[in-house]
Amino acid sequence: MNPTRTIEYDVVYGHHCSEDLLDSASNKRVLLVTDPQLWDKYGAKFASLEPQVVMTKTMESSTLEQEHAGLQPFDLTIGLGGGMAMDIAKYHAWKGDKPVYQVPTAISVDAMFSYPIALRIDGKVQYVGEMIPEKIYCDFSILQSAPPVMNRSGVCDLLSCHTALFDWKLAVARGRSQMDDALYEKTSKILQDVKDRLQEVYDVTEKGLRMLMEGFRFVAVENYRVGHCQYEEGSEHFFYYCLEAQTRKHYLHGKVINLGILLMSLLQENEVESIRSILQRAGVPIHPDSMGITYDDVRTALRSCNQYVREKGYSYSILNERQITEDFIDYALDVLRCDFDPTDQI
Ligand SMILES: [Zn+2]
């Protein structure tokens with residue numbers, strides 16, 4: 001039997017709370033990972049730390065390895081930004097065996113909590129190590145100054161439980177996974193809370209931001225304990241990995257995951273009407289135009305999805321169970337066109 005693994009996160013909430021970092025990191029050699037736009041916006045705030053600044057480019061393993069080899073010595077890393085900045089800060093901290101502090105500038109994804117280091121190796125997601133952040137700063141002043149769609153995007157990593165729980169149950173029924181009733185119930189409850197309080201997320205209130213952060217914390221803690229993430233990551237994420245591998249583009253997580261939730265709910269025939277309405281109210285555009293791709297790209301991803309998950313060995317889901325047909329694709333794309341008219345959205 002595996003020993004139970006436990007993990008704790010130090011999350012600080014408040015307006016301007018990330019300024020604590022200026023004290024705790026002073027006199028240390030700081031490596032700060034961000035992007036040019038955010039550095040323009042927040043550079044002055046962190047200037048007193050005189051950080052070595054790395055701009056995000058890609059999650060491709062070979063590029064990051066080269067980047068790491070060219071770094072000056074550092075004592076700690078700071079991830080300042082969205083998913084990619086936090087993932088790269090985590091990577092360099094892990095490689096250099098130093099602590100990482102996360103300062104999300106928007107809650108667009110659960111990367112501030114996710115401890116596995118997920119790199120892309122020739123377009124495939126691979127987990128190469130683990131890194132638990134020293135501290136996560138949920139600084140409302142920073143978060144609420146981001147475009148609202150960036151924070152709304154984060155809801156995808158809790159709404160994904162809608163399709164993931166279905167897939168997990170299916171995997172258990174086929175003898176491919178084990179059920180943990182308490183975890184299933186707790187996750188369902190969190191999912192329901194998010195659905196019931198979606199307006200808080202849409203309005204980017206402190207309550208809404210906290211709800212997302214605490215939901216992500218739950219997912220990460222349980223992932224560490226049970227050693228899988230099937231209650232939160234299922235076919236909707238696998239669809240995303242498939243689309244990403246095919247198009248080699250980087251997406252706002254909420255757009256493509258919410259698209260995956262819609263498409264996979266249709267495939268699962270899983271409370272379709274209710275999830276369609278939830279996804280519309282989430283305020284995250286999911287039509288192909290909004291991601292810089294075409295309906296044909298979505299069609300191609302759907303066509304290759306069944307084979308993709310088998311080849312890559314992702315956990316058992318509806319994509320192992322039900323073959324995607326041309327008729328299904330026509331139907332799914334009609335729903336997408338009808339519910340998510342580009343003219344209505346950001
Ligand atoms: Zn995700």
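Heads up: the structure comes first, above all this text.
Computed from a predicted structure; not experimentally measured.

## Quick notes on the pattern of salt bridges
Next, step 1: Scanning the model with the defined rule gives 19 salt bridges in all.
Next, step 2: Salt-bridge contacts for R225 lead to D180; the nearest nitrogen and oxygen are separated by 3.2 Å. With R225 in helix α10 (residues 206–226) and D180 in the loop between α7 (156–173) and α8 (181–196), this residue pair connects regions lying 45 residues apart in the sequence.
Next, step 3: For R225, a relative accessible area of 36% gives the class partly exposed.
Next, step 4: Linking E222 and R225 is a salt bridge whose minimum nitrogen-to-oxygen distance equals 2.6 Å. One end of the pair is E222 and the other is R225, both in helix α10 and three residues apart, which spans about a single turn.
Next, step 5: The class for E222 is buried, based on a relative accessible area of 12%.

## Overview of the environment of Q72
Next, step 1: Of note, Q72 is situated in the loop between α3 (61–69) and β4 (76–81).
Next, step 2: As for Q72 and Q52, which are separated by 20 residues in sequence, their C-alpha atoms are 7.7 Å apart.

## Structural notes on the coordination of the zinc ion
Next, step 1: Around the zinc ion, the donor atoms from the protein are D157 (OD), H237 (NE2) and H253 (NE2), and they sit 2.1 Å away.
Next, step 2: When the donors of the zinc ion are listed by position in the chain, the intervening gaps give D-x79-H-x15-H. Taken together, the positions of D157 in helix α7 and H253 in helix α12 (residues 253–268) put the pair 96 residues apart, joining distant regions of the chain. Each member of the pair, D157 as well as H253, carries the same accessibility label: buried.

Rules and cut-offs
- Residues numbered from 1 in each chain as written.
- Predicted model: local features only at pLDDT ≥ 70, side-chain atom pairs only at ≥ 80, totals over all residues.
- Heavy atoms only, no water.
- Salt bridge = Lys/Arg side-chain N within 4 Å of Asp/Glu carboxyl O.
- Helix = DSSP H or I, 4+ residues; strand = E, 2+ residues; numbered from the N terminus.
- Buried < 20%, exposed > 50% of the residue type's maximum accessible area, 1.4 Å probe, protein only.
- Donors = N, O, S within 2.8 Å, 3.2 Å for Na, K, Ca; no water.

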